[in-house]
Amino acid sequence: MSLDVINFLAETTDVAAAGDATKFWAIAIIAIAMAIVGTMEALAVIFTLNGTARNPEAASKMRTTMLIGVALVETVAIYLLIVAMLLLFVA
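Here is a short report on the structure shown in this document. Bear in mind the structure is a predicted one, so any value in this text is a computation, not a measurement. (Residues numbered from 1 in each chain as written. Predicted model: local features only at pLDDT ≥ 70, side-chain atom pairs only at ≥ 80, totals over all residues. Heavy atoms only, no water.)

1. Examining the overall build of the protein
Phase 1: Regarding its fold elements, the protein presents three helices and zero strands.
Phase 2: Reading the protein from its N end, one meets helices and strands in the order α-α-α.
Phase 3: Out of the 91 residues belonging to the protein, those deemed buried represent 15%.
Phase 4: By sequence separation, contacts in the protein at least 24 residues apart represent 56% of the contacts at least 6 residues apart.
Phase 5: A total of about 6,600 Å² of accessible surface is found on the protein, and carbon and sulfur atoms cover 74% of it. (Helix = DSSP H or I, 4+ residues; strand = E, 2+ residues; numbered from the N terminus. Buried < 20%, exposed > 50% of the residue type's maximum accessible area, 1.4 Å probe, protein only. Contact = heavy atoms within 4.5 Å. Areas by Shrake-Rupley, 256 points an atom, 1.4 Å probe, with all protein chains shown as cover.)

Given below as structure tokens:
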């Protein structure tokens, strides 16, 4: 966070404006985290395809492991989506 935002949050008496700024930063951080999750899933698929190209006999084991790994990484994205929805509509 920049110093201007921190000063704004510290000096404002308008609670709604401070809440909106905090909500904006929280959702921006969640969006960045979701982009990182998507990148990591893509890397998992890329490395699995690379391994399959190098060793075709182990393709089924690598595919199973990749699917489990991608499912675990995807749960992070689902949790982030739930938190973003709660911040948008509840907070």
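2. Looking at the nonpolar core
Phase 1: Counting residues in each nonpolar core, the largest one holds five residues, listed as Ile-30, Val-37, Ala-77, Leu-80 and Ala-84.
Phase 2: For this core, the element with the most residues is helix H3 (residues 59–89), which contributes three residues.
Phase 3: In this view, Leu-80 contacts Ile-30, Ala-33, Met-34 and Val-37; residues no more than four positions away in its chain are not counted. (Core = buried A, V, L, I, M, F, W, Y, C linked by side-chain atoms within 4.5 Å.)

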